[in-house]
Amino acid sequence: MAAAHEPEVIRDKAAMRAWARRRRAEGKAVALVPTMGFLHDGHLSLVSAAAASAGGKPVAVVVSIYVNPSQFAPTEDLATYPSDLAGDIRKLAATAAVAAVFCPPDLYARPDAGAESASCLEETGGAYGHETWIRVEHLEKGMCGSSRPVFFRGVATVVAKLFNIVEPDVVVFGKKDYQQWRVICRMVRDLDFAIEIIGSEIVREADGLAMSSRNVHLSHEEREKFAGSVKFIGQ
C-alpha cells in the first residue's frame with residue numbers, strides 16, 4: 001500500500017490556476033475529479049482512474065470539493081447536504097495519488113460579498129450578481145431534468161467554471177450520474193474545451209445500492225427499497 005501523502009489544500013481561484021500551470025510546466029498532465037465532498041469509495045475510484053489517465057505520463061491529480069448551490073432547487077437539500085472536509089482530506093491523503101484539493105468558499109459573483117449560498121442563486125442576478133449560465137438544451141431534458149429543471153444548468157455552469165480555473169487535461173466523472181456525464185461530454189464538444197472526459201463505472205455497496213454521499217440520509221426502509229430495485233432490474 002502506498003504511503004499517505006497530504007495533498008495541498010487550495011481555496012483561492014487564482015492560486016489554483018497558477019498551481020495547475022506550474023504542474024503543466026513541469027511536464028505533468030493535470031487530471032481533475034470534481035466532487036461535492038463527503039467522499040466514499042466511489043469517489044476514490046475516480047481518483048484511481050484520474051491517476052491512471054495519462055498513459056504513463058506524470059499526472060497531477062486535483063480533487064475539487066464544492067457544494068454547488070446553483071444546482072439545487074429551493075425545496076432541495078442544500079442546507080443539509082452532508083459534509084466532512086477534514087475526513088475527505090484524510091481519505092484523499094491515504095490514496096497517495098492526490099496532489100491538490102481545491103475547495104473554494106464560493107464560485108459565484110454576488111451583489112453582497114457576505115451573502116450566503118442560496119439554492120439556484122435566484123437572488124444573485126441583476127446588478128453585479130452572477131447572471132451567466134450554460135444550458136445543454138436537448139440533453140438536459142427528460143430523466144432527471146424532468147423533475148429538476150435547474151439542475152443541469154447549475155452543473156454545466158459550475159463545471160465550466162472549474163475547467164476555466166483548473167485548466168485540466170483530463171476530467172473524470174462517475175457514470176452513476178449518467179445524464180450528467182453525457183451533458184458534460186456534450187458541453188465539452190460544443191464549447192471546444194481541450195479536455196478529455198472519462199466516464200468511470202458505478203461502484204456499489206454490498207447490497208447493490210450505488211454509492212452516493214446522500215445515502216447517509218436514507219432510512220432503513222428507503223435503502224431496502226432502492227437496493228431491491230437494483231436487484232430487480234438486474235434479474
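Every value quoted in this text rests on a predicted model; they were computed, and no experiment measured them. (Residues numbered from 1 in each chain as written. Predicted model: local features only at pLDDT ≥ 70, side-chain atom pairs only at ≥ 80, totals over all residues. Heavy atoms only, no water.)

> Explain the pattern of salt bridges to me, and be specific about the residues and the numbers.
Across all of its chains, the model carries 10 salt bridges by this definition. Across the salt bridge formed by R21 and E167, the nearest N and O atoms sit 2.7 Å from each other. Residue R21 is found in helix α1 (residues 13-25), and its partner E167 is found in the loop between α5 (151-166) and β5 (170-174); the two are separated by 146 residues along the sequence. Its salt-bridge partner being K176, residue D177 comes within 3.1 Å of it at the nearest N-O pair. Residue K176 is classed as partly exposed on the basis of its relative accessible area of 34%. (Salt bridge = Lys/Arg side-chain N within 4 Å of Asp/Glu carboxyl O. Helix = DSSP H or I, 4+ residues; strand = E, 2+ residues; numbered from the N terminus. Buried < 20%, exposed > 50% of the residue type's maximum accessible area, 1.4 Å probe, protein only.)

> Summarise the packing of α1 against α5; cite the residues concerned and give the values.
Two elements in contact, α1 and α5, have axes separated by 7 Å at closest approach and are oriented at 55 degrees. On the basis of the axis angle, α1 is oblique to α5. Taken together, the residues of α5 that come into contact with α1 (itself represented by K13, M16, R17 and A20) are N164, I165 and V166. Residues that form the contact of α1 with α5 fall into these classes: four nonpolar, one polar and two charged. (Axes fitted to C-alpha atoms, helices over the stretch in contact; angles between N-to-C directions. Parallel < 35°, antiparallel > 145°, perpendicular 65-115°, else oblique. Contact = heavy atoms within 4.5 Å. Nonpolar A, V, L, I, M, F, W, Y, C, P; charged D, E, K, R; others polar.)

> I'd love a proper account of α5, names of residues and values included.
The terminal C-alpha atoms of α5 lie 22 Å apart, and with 16 residues this matches the ideal 22 Å at 1.5 Å per residue to within 8%. Most of α5 sits inside the fold, with 14 of its 16 residues counted as buried. Immediately downstream of α5, the backbone of E167 shows phi near 50 degrees, a positive value. (Expected span 1.5 Å × (residues − 1).)

> Could you give an account of the packing of aromatic side chains, with specific residues and numbers?
One pass over the structure, following the stated rule, counts five aromatic pairs. Look at F163 and F193: their rings are 5.2 Å apart centre to centre, the planes differ by 75 degrees, and that puts the pair in the edge-to-face class. Pair noted here: F163 is in helix α5 and F193 is in the loop between α6 (178-190) and β6 (196-200), with a separation of 30 residues, a long-range link. If you follow R23 out to its NZ or CZ, it ends over the ring of W19, 4.8 Å from the centre. Across the ring face of W133, the terminal group of R153 is positioned such that the distance to the ring centre comes to 3.9 Å. (Phe/Tyr/Trp six-rings, centres within 6.5 Å; stacked < 30°, edge-to-face > 60°. Lys NZ or Arg CZ within 6 Å of the ring centre and 35° of its normal.)

> Tell me about the sheet that holds strand β2 (residues 29-35), and please be specific about residues and values.
Strand order in the open sheet formed by six strands is β1-β4-β3-β2-β5-β6, with parallel pairing between adjacent strands. What marks the edges here is a single partner per strand, and that holds for β1 (8-10) and β6. Shown here is a sheet whose adjacent strand axes are inclined to one another by a mean of 25 degrees, direction ignored. Here β5 runs beside β6; their pairing, made up of five bridges, is parallel. (Pairing = 2+ DSSP bridges.)

> A description of the environment of A96 should follow, citing residues and the corresponding values.
Within the element layout of this structure, A96 appears in the loop between α3 (85-95) and β4 (98-102). Separated by 45 residues in sequence, A96 and A51 have C-alpha atoms that sit 10.0 Å apart.

> Break down the environment of I202 for me, citing the residues and quoting the values.
Inspection of the secondary structure assignment puts I202 in the loop between β6 and α7 (220-234). With a relative accessible area of 34%, I202 lands in the partly exposed category. As a C-alpha pair, I202 and L46 span 156 residues in sequence and 9.8 Å in three-dimensional space.

> Give a description of helix α2 (residues 41-51) that names residues and reports values.
Every buried residue belonging to α2 is among G42, H43, L44, L46, V47 and A50, and all of these are buried. Considering only its buried residues, α2 is in contact with β2, β3 (59-65), α3, β4, β5 and β6.

> Explain the nonpolar core to me, and be specific about the residues and the numbers.
Counting 38 residues, the largest nonpolar core has V62, F102, F163, I184, M187 and I197 as its most contacted members. When contributions to this core are tallied by element, the ones reaching two or more residues are α1, β2, β3, β4, α5, β5 and α6. Top contributing element to this core by residue count: α5, with 11 residues. Discounting chain neighbours no more than four positions away, the residues touching I197 are F163, V171, F173, W181, I184, C185 and V188. Formed by 17 residues, the second largest nonpolar core is a distinct cluster that contains A31, L39, V63 and V101. (Core = buried A, V, L, I, M, F, W, Y, C linked by side-chain atoms within 4.5 Å.)

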